[in-house]
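Each chain, written out:
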6 protein chains.
Amino acid sequence: MAKLMLAFVATALLVACVSAGEASPINDFCVADLKNTLMINGLACKSSAMVMSEDFLFKGFEVDADTNNPLGIGIIPGFAAVNYPALNTQGLSLAKINYAKGGLVPPHTHPRAAEVITVIKGEVYMGFVDTAGKLFAATLKTGDFFNFPKGLVHFQLNVGSGHAETLSVLNAQNPGIQLMATSLFGSSPFIRDDVLERAFGISHDTQEQIRMALVPGYKA
Amino acid sequence: MAKLMLAFVATALLVACVSAGEASPINDFCVADLKNTLMINGLACKSSAMVMSEDFLFKGFEVDADTNNPLGIGIIPGFAAVNYPALNTQGLSLAKINYAKGGLVPPHTHPRAAEVITVIKGEVYMGFVDTAGKLFAATLKTGDFFNFPKGLVHFQLNVGSGHAETLSVLNAQNPGIQLMATSLFGSSPFIRDDVLERAFGISHDTQEQIRMALVPGYKA
Amino acid sequence: MAKLMLAFVATALLVACVSAGEASPINDFCVADLKNTLMINGLACKSSAMVMSEDFLFKGFEVDADTNNPLGIGIIPGFAAVNYPALNTQGLSLAKINYAKGGLVPPHTHPRAAEVITVIKGEVYMGFVDTAGKLFAATLKTGDFFNFPKGLVHFQLNVGSGHAETLSVLNAQNPGIQLMATSLFGSSPFIRDDVLERAFGISHDTQEQIRMALVPGYKA
Amino acid sequence: MAKLMLAFVATALLVACVSAGEASPINDFCVADLKNTLMINGLACKSSAMVMSEDFLFKGFEVDADTNNPLGIGIIPGFAAVNYPALNTQGLSLAKINYAKGGLVPPHTHPRAAEVITVIKGEVYMGFVDTAGKLFAATLKTGDFFNFPKGLVHFQLNVGSGHAETLSVLNAQNPGIQLMATSLFGSSPFIRDDVLERAFGISHDTQEQIRMALVPGYKA
Amino acid sequence: MAKLMLAFVATALLVACVSAGEASPINDFCVADLKNTLMINGLACKSSAMVMSEDFLFKGFEVDADTNNPLGIGIIPGFAAVNYPALNTQGLSLAKINYAKGGLVPPHTHPRAAEVITVIKGEVYMGFVDTAGKLFAATLKTGDFFNFPKGLVHFQLNVGSGHAETLSVLNAQNPGIQLMATSLFGSSPFIRDDVLERAFGISHDTQEQIRMALVPGYKA
Amino acid sequence: MAKLMLAFVATALLVACVSAGEASPINDFCVADLKNTLMINGLACKSSAMVMSEDFLFKGFEVDADTNNPLGIGIIPGFAAVNYPALNTQGLSLAKINYAKGGLVPPHTHPRAAEVITVIKGEVYMGFVDTAGKLFAATLKTGDFFNFPKGLVHFQLNVGSGHAETLSVLNAQNPGIQLMATSLFGSSPFIRDDVLERAFGISHDTQEQIRMALVPGYKA
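The name given to chain A in an unreviewed UniProt entry is Germin-like protein, with Ceratodon purpureus as the source organism. The UniProt entry for chain A carries this comment under Subcellular location (unreviewed entry): "Secreted, Extracellular space, Apoplast". What UniProt states about chain A under its Sequence similarities (unreviewed entry) heading is, verbatim, "Belongs to the germin family."

> Lay out the overall build of chain A in plain terms, naming residues and giving numbers.
Looking only at helices and strands, chain A has 5 helices and 10 strands in total. Expressed as a percentage of contacts within chain A between residues at least 6 apart in sequence, the contacts between residues at least 24 apart total 66%. Of the roughly 7400 Å² that chain A leaves accessible, carbon and sulfur atoms contribute 58%.

> Explain the packing of aromatic side chains to me, using residue names and the numbers behind them.
Given two aromatic rings, their pairing is described by the distance between the two centres and the angle made by the two planes. Using the criterion set out here, one finds 87 aromatic pairs over all chains in the structure. With centroids separated by 4.7 Å and ring planes inclined at 15°, the aromatic side chains of phenylalanine 58 of chain A and tyrosine 84 of chain A adopt a geometry described as stacked. Of the two residues, phenylalanine 58 of chain A sits in the loop between α2 (53–56) and β1 (73–78) while tyrosine 84 of chain A sits in the loop between β1 and β2 (93–99), which places them 26 residues apart along the sequence. Taken as a pair, phenylalanine 58 of chain A and tyrosine 84 of chain A share a single burial class, namely buried. Seen from their ring centres, phenylalanine 58 of chain D and phenylalanine 145 of chain E are 6.1 Å apart, and the 70° between their planes marks the pair as edge-to-face. Here the residue phenylalanine 58 of chain D occupies a position in the loop between α2 (53–56) and β1 (73–78), and phenylalanine 145 of chain E occupies one in strand β7 (residues 145–148), the pair thus bridging two chains. By relative accessible area, which is 2% here, phenylalanine 58 of chain D ends up buried.

> Which residues make up the sheet that holds strand β7 (residues 145–148) of chain C, and what are the values?
In a beta sheet, neighbouring strands pair by backbone hydrogen bonds and run either parallel or antiparallel. Residue and element names in this part refer to chain C. Taken in spatial order, the 5 strands line up as β1-β2-β9-β4-β7 in an open sheet, and their pairing is antiparallel. Each end of this open sheet is capped by a strand with a single partner; those strands are β1 (73–78) and β7. With strand direction ignored, the average angle separating the axes of adjacent strands in the sheet is 20°. In terms of strand pairing, strand β4 (residues 115–121) meets β7 through 4 bridges, oriented antiparallel. Pairing of threonine 118 across the sheet is with phenylalanine 145, part of β7.

> Can you tell me about helix α5 (residues 204–214) of chain D, naming the residues and giving the values?
When we look at burial in α5 of chain D, the residues that qualify are Thr206, Gln207, Glu208, Ile210, Arg211 and Leu214 of chain D. On the buried face of α5 of chain D, the contacting elements are α3 (193–200) and α4 (204–214) of chain C together with α3 (180–185) and α4 (193–200) of chain D.

> Go over the pairing of strand β3 (residues 104–109) of chain C with me, naming the residues and quoting the values.
Every regular strand shows the same layout, with side chains that alternate between the two sheet faces. Residues and elements named next belong to chain C. Counting buried positions along β3 yields 6 of 6 residues, so the element is predominantly enclosed. Of the pairings in the sheet, the one linking β3 to strand β8 (residues 154–158) comprises 3 bridges and is antiparallel in character. Looking at β8, one finds that histidine 108 is bridged to histidine 154. As paired elements, β3 and strand β10 (residues 178–179) share 2 bridges and run antiparallel to each other. Looking at the pairing, histidine 108 lines up with leucine 179 of β10.

> So what's going on with the sheet that holds strand β5 (residues 123–129) of chain A? Residues and values would help.
Reading across from one edge, β6-β5-β8-β3-β10 (chain A) is the order of the 5 strands in this open sheet, with antiparallel pairing throughout. Each having just a single partner strand, β6 (135–141) and β10 (178–179) of chain A make up the two edges of the open sheet. Relative to strand β3 (residues 104–109) of chain A, helix α3 (residues 193–200) of chain B is tilted by about 80°, and along the sheet it contacts β3 and β8 (154–158) of chain A.

> Could you give an account of the interface of chain C and chain B, naming the residues involved and the relevant values?
On the chain B side, the residues contacting the 48 residues of chain C number 47 residues. Taken together, the two surfaces of chain C and chain B that pack against each other cover about 3500 Å², and 61% of this comes from carbon and sulfur. Where chain C touches chain B, the interface holds 2 salt bridges. A salt bridge links lysine 59 of chain B to aspartate 144 of chain C; the shortest N-O distance between them is 2.7 Å. Scanning the region where chain C abuts chain B turns up 16 residue pairs in polar contact (both at pLDDT 80 or more). Secondary structure elements with two or more residues in the side of chain C that touches chain B: β4, β6 (135–141), β7 and β9 (164–170) of chain C. Looking at the side of chain C that touches chain B element by element, the count peaks at 5 residues for β6 of chain C.

> So what's going on with the UniProt feature "domain: Cupin type-1" (unreviewed entry) in chain A? Residues and values would help.
With numbering aligned to this structure, UniProt lists the feature "domain: Cupin type-1" (unreviewed entry) at residues 59–208 of chain A. Between the first and last C-alpha atoms of residues 59–208 of chain A the distance is 42 Å; the span itself is 13% helix and 39% strand.

> Outline the packing of helix α3 (residues 193–200) of chain F against helix α4 (residues 204–214) of chain F, supporting the account with residue identities and numerical values.
Residues and elements named next belong to chain F. Taken N-terminus to C-terminus, the directions of α3 and α4 make an angle of 105°; their axes are 10 Å apart at the nearest point. On the basis of their axis angle, the class for α3 and α4 is roughly perpendicular. Contacts between α3 and α4 involve Asp193, Leu196 and Glu197 from the first element and His204, Gln207, Glu208 and Arg211 from the second. Classifying every residue of the contact of α3 with α4 by side-chain character gives 1 nonpolar, 2 polar and 4 charged.

> Lay out the UniProt feature "binding site: oxalate" (unreviewed entry) in chain A in plain terms, naming residues and giving numbers.
Under the UniProt annotation, "binding site: oxalate" (unreviewed entry) lies at His110 and Glu115 of chain A. Within the fold, histidine 110 of chain A resides in the loop between β3 and β4 (115–121). The exposure class assigned to histidine 110 of chain A is buried, which follows from its relative accessible area of 8%. Sequence-distant contacts of histidine 110 of chain A, that is, excluding residues within four places in its chain, are made with Glu115, Lys150, Gly151, His154, Leu170, Pro175, Gly176 and Ile177 of chain A. The topology assignment puts glutamate 115 of chain A in strand β4. Among residues more than four places away in sequence, those in contact with glutamate 115 of chain A are His110, Phe146, Asn147, Phe148, His154, Ser168, Val169 and Leu170 of chain A together with Leu92 of chain F. One polar contact links glutamate 115 of chain A to histidine 110 of chain A, side chain to side chain, over a distance of 2.9 Å.

> Which residues make up the side chain of threonine 166 of chain B, and what values do they have?
Residue and element names in this part refer to chain B. Along the polypeptide, threonine 166 turns up in strand β9 (residues 164–170). Residue threonine 166 is classed as buried on the basis of its relative accessible area, which comes to 0%. Reaching out from threonine 166, the side chain makes a polar contact with the side chain of tyrosine 99 at a distance of 2.9 Å. Ignoring sequence-local partners within four residues, the contact set of threonine 166 consists of Ala95, Lys96, Ile97, Tyr99, Ile117, Thr118, Val119, Ile120, Val124, Met126 and Gln156.

> Tell me what's going on with α3 of chain C, and back it up with residues and numbers.
If you check which residues of α3 of chain C are buried, you get Val195, Leu196, Glu197, Ala199 and Phe200 of chain C. Just downstream of α3 of chain C lies glycine 201 of chain C, where phi reads positive at about 65°.

> Which residues make up the relation of the copies chain C and chain B, and what are the values?
Between chain C and chain B, which share one sequence, the superposing operator has a rotation angle of 180° and an axial displacement of 0.0 Å; the RMSD is 0.0 Å. Taken together, the rotation and translation relating the two chain copies correspond to the operation of a two-fold axis. Ranked by how close their C-alpha atoms come to the rotation axis, the residues of chain C are headed by asparagine 171 of chain C, at 2.9 Å. Most of the interface of chain C is mirrored in chain B, where 98% of its interface residues again form contacts.

Scoring rules and cut-offs
- Residues numbered from 1 in each chain as written.
- Chains lettered and ligands numbered in written order.
- Predicted model: local features only at pLDDT ≥ 70, side-chain atom pairs only at ≥ 80, totals over all residues.
- Heavy atoms only, no water.
- UniProt positions renumbered as here; feature names shortened; annotations may be inferred.
- Helix = DSSP H or I, 4+ residues; strand = E, 2+ residues; numbered from the N terminus.
- Contact = heavy atoms within 4.5 Å.
- Areas by Shrake-Rupley, 256 points an atom, 1.4 Å probe, with all protein chains shown as cover.
- Phe/Tyr/Trp six-rings, centres within 6.5 Å; stacked < 30°, edge-to-face > 60°.
- Buried < 20%, exposed > 50% of the residue type's maximum accessible area, 1.4 Å probe, protein only.
- Pairing = 2+ DSSP bridges.
- Axes fitted to C-alpha atoms, helices over the stretch in contact; angles between N-to-C directions.
- Buried area = accessible area lost by both parts, 1.4 Å probe.
- Salt bridge = Lys/Arg side-chain N within 4 Å of Asp/Glu carboxyl O.
- Polar contact = N/O pair within 3.5 Å; in protein donor to acceptor, adjacent residues only side chain to side chain.
- Parallel < 35°, antiparallel > 145°, perpendicular 65-115°, else oblique.
- Nonpolar A, V, L, I, M, F, W, Y, C, P; charged D, E, K, R; others polar.
- Least-squares fit on C-alpha atoms with pLDDT ≥ 70 in both.

This is the structure we're talking about:
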């Protein structure tokens, strides 16, 4: 019983701590302890004595992500909360995206961070829309960089002849990612039909078609 | 010539200053000088000697916004850069929305601020989707409040029997607003068709229909 | 015993977490768990699985505050730590004030936030003093807004013919409120008499009279 | 004419820049150019080429402040905007206070900073009141330190047998200082009598007496 | 066992909390509980009921630090995590340095804070180097102040005829201190010889000599 | 004359603006206008109308840096103030480093940012020392990442059999770079000999040798 309470409190507290924000770190570092068996889903720090060089070494992008899906993309994060615990309190996170031919990262936002992205392999067309509705886009060749300002909607599309790969760095440890199409048409529960139909100027049938395309197992 | 250079520099500098951020104010206040004829589009401050009580008094919501449009809504801001110059550096902004019967504020984000919203009149259904795709929504009666966390997509719909009105307060002087449907389908220039068609699982015809519905004067 | 220690640590830790600051949230949200029976007086977050739409819906201003007191005012907060747990980490808080005829919110400060305030009902005279000693004040009619910059002393007075009501939004989850008269003359323990007498240029008798007026049960 | 406009714009812009906030500096330093003859009352930076070691050396506390006044205190600031331009963007400011025997720094707040204070000479009683009305006070001997949390009202009183001197460091370049008694009773213009009389539980006569004591030249 | 887990979790969590950052405090204060027997090495807050005036009174500089060492200096901190728990969340820290004749604080940085420093006794030569390689230095007499911008390398040397003493205030609760010579030549484990030899343009012998001088017990 | 004053003010103001900090951007973006002929050395923004997609596209790493120098490295920045103006206000900056065989980036700090670094080509040994003197280092193969916490001293060394290349992203637009050896031994003017000799435990001759090795044209 005490153990249960401990786990509950630990979880609650860790979430509370996690939500404290992207302010300057107070200590040199605070490597997240992801092995903590107390079912802690926040970012507890390892004690300094247990922090090793390896904690700062991230090899997560050694593998490629599986792109065998309708969008033709796969994403591997380098996030403090997931697989790069050293980034806890550091105000940075990583993402590697593999693109099959024609692979598309559909329009999405990062609510809490700005991003720089570079093409590691191939040729990727990408852009963002600002709050005035202006699109800023370009086709990047390997080695080029682009920038997506904080919170603005953006996308990436592999326009090369083969596979592509991009590397992103964002200036928050948990930037968040919100894919617009699925967030709007495939939320849980669904947003009222009329909101979407009127927002996009589509008929109910079209709205149902979109749901069937985006929501696995959805039947109109 | 000197005047032109002055105007140019002033404009450039003001934009630079404006972009400095939502950090704590350095002075008591810094009331924006919106009457400055130097075509300054940022937030120059009036000298202290010229700041009056009236600068802090905002009556902008005395009038109702015109809701005679397809969405049936009208928005009046209370923004430092527009009509409430005292809010410069204060980390706050306001918005009043009038809703005709069935008026809809379509899904949108505020890239740089969190929001609290209250129903002043009528009954409004509203909600947001988090980055896990979960929808949090409720129907608010007059006097109720809701909260939209920073950067997450949300919407509001008048579900009452008559007009409605909401008041929003956001914790940034220029939170930004990005309407998702028009930003994606009606950007300038347009996002490549295939990006939208694949993101939403729609045919080219449907995509064109959406454009015709959302973009005034658009011909497929 | 372990339970007691657990409660103590939990409390201590939560306070530590709470004090981390008004920086950007790390997660979408972190709804405070106010029902936690571990006597946690900070802001533990509910696990995501337990967060519901209702958490973001605040109806706390449905009721009016009791104004049957010498100042003729009553305040209902909308604070993360009190009754609107969804505002935890969101950098926002609310307050509704009911004013009897002539009701007065005496001079006070909010140490950690700026405020926008609007008159919901009636007519309220309000103002703040800046650090140069200049008073900025106005009489607001229903629908008007005013702004109190962070940390500056301000007040509100119902000057209408009946009841009044104001709504405030502040850009911190726990802005703090420090009423100047009672903080200075009614602190616990009292500030040395001579400090107050000399600061205000009053005699000891006057100082005692103020104490008797402001401190319930005080006998000179 | 162009010169006048230049001065006006420069002033306006500098104020705008100044108000940007106490966020991390972008450059190593930004020494304020206080000699700029363009009547600039903000914090323009000297070009790097013109920054010398002497800019960082502050000797402003070599002299004592004149304490020949009713409160028996004198304050010398070490502020970026006044006499220590190197502190611009550094998030720090200084103040030295000389106290005649019995000298009193009456209750005041710093809206935008926390403070540490030490007694350089003599013996000073000081304290602050928190938002729960609790007084934290102590008598400091030479070498002792005290802390006033951000925005909370506090005071200092020389309780030694002779002169006293304190040194304060605050964590903002322009913390602001708001003396409560004079801000409330001696603002410009005055706060309505009834607000103060009711807030402090005093008669109109007493209120007038306070004004006569605090406002030079005031006649009831 | 539960106790061990509790201690472990508490430690982990506190480190997590500590690392949240130097953002604005959420509460009036959060006095660290350093007496917590749970071997908590972070900054748990005492419950408000247990916070006393004495918590804010710091007498740590009553004693002088022992300067009987090769550098001829001794440092006494006033840090939230060490001996001035009230500074937790306050964004400030203190340091007192005693210098024997010729005492030297060798070149070092504070990764997370800016510093103001004053000579309390004696005469101290000090300076910092900016990122352009320019040295800003001066000899301070008693009462003078200097400033070390955040993160830039700096040093202090007693050039007077006797002992000296300085007082530093930094605008972070845990600024960190990194002595460059010992961090580079005496790290644990050592940095590869060739990195240091090439960086400093020294032979292996010289590098070993430096190690022998700086690392107690080191044998080449 | 007016033009000169304008230029001077513009320069001064821009520096002031630049130093405002790494707080959240107020606008979507603020692309620096580096072509401004007014000798502006800060970060004036281009007017929105003049911002193009190309502003966000950075091709600066197309070329390799020249590594024909004693350290065998060359650095190309991607900095708002230098060649990637779109990053102004975005809180991010880039650096590409080319390493000849054995190329060394000697120990240095970034006063104002944390860094993630990845090996694009080759094999690079790198590490940082924390404020407790502990070294965290590893040899990275192509695709691996490492992290250098804010302000801590670190280095990189090409240990592969050929050339190497790394890509760094830092979470500040102007992180600063301070090479420790040259900053300490080659500052302008020089730091007093005795400070360095005692700090490093070296003789005057050795100190002169280091100067001769690090400072071009230096004669003992």
